[in-house]
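Summary of the model geometry
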Amino acid sequence: MGNYPTDATEKAYNDSDRNAVKFGFTPQSELWQGRLAMIGFIAYLLWDLNGFSVLRDVLNLIH
């Protein structure tokens, strides 16, 4: 059929689910931090495209 992930590939990190929410320096927390950073970056880009640029305001204050 399809080439779907198995339990062996899903539990490749620390012998536990890679989407589990774990605290500390674990591969799971690094995945979640990266996902949240991507969401934040996209949110800022959308905010900036709507004309509310924090970076532009800061640069205007420095000038």
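Residues numbered from 1 in each chain as written. Predicted model: local features only at pLDDT ≥ 70, side-chain atom pairs only at ≥ 80, totals over all residues. Heavy atoms only, no water.

1. Section: the overall build of the protein chain
Secondary structure assignment for the protein chain yields three helices and zero strands. Starting at the N terminus, the α and β elements of the protein chain follow one another as α-α-α. With 63 residues in all, the protein chain has 8% of them scored as buried. Summed over its atoms, the accessible surface of the protein chain is roughly 5700 Å², and 66% of this surface lies on carbon and sulfur atoms. (Helix = DSSP H or I, 4+ residues; strand = E, 2+ residues; numbered from the N terminus. Buried < 20%, exposed > 50% of the residue type's maximum accessible area, 1.4 Å probe, protein only. Areas by Shrake-Rupley, 256 points an atom, 1.4 Å probe, with all protein chains shown as cover.)

2. What about the environment of Leu 31?
Relative to the helices and strands, Leu 31 resides in helix H2 (residues 27-49). Here Leu 31 falls in the partly exposed class, since its relative accessible area comes to 28%. Sequence spacing of Leu 31 and Arg 18 is 13 residues, and the spatial spacing of their C-alpha atoms is 8.1 Å.

3. Focus on the side chain of Ser 53
Summarising the element assignment, Ser 53 is placed in the loop between H2 and helix H3 (54-62). Given a relative accessible area of 5%, Ser 53 falls into the buried group.

4. Quick look at the environment of Arg 56
In this fold, Arg 56 is placed in helix H3. The class of Arg 56 is partly exposed, set by a relative accessible area of 43%.

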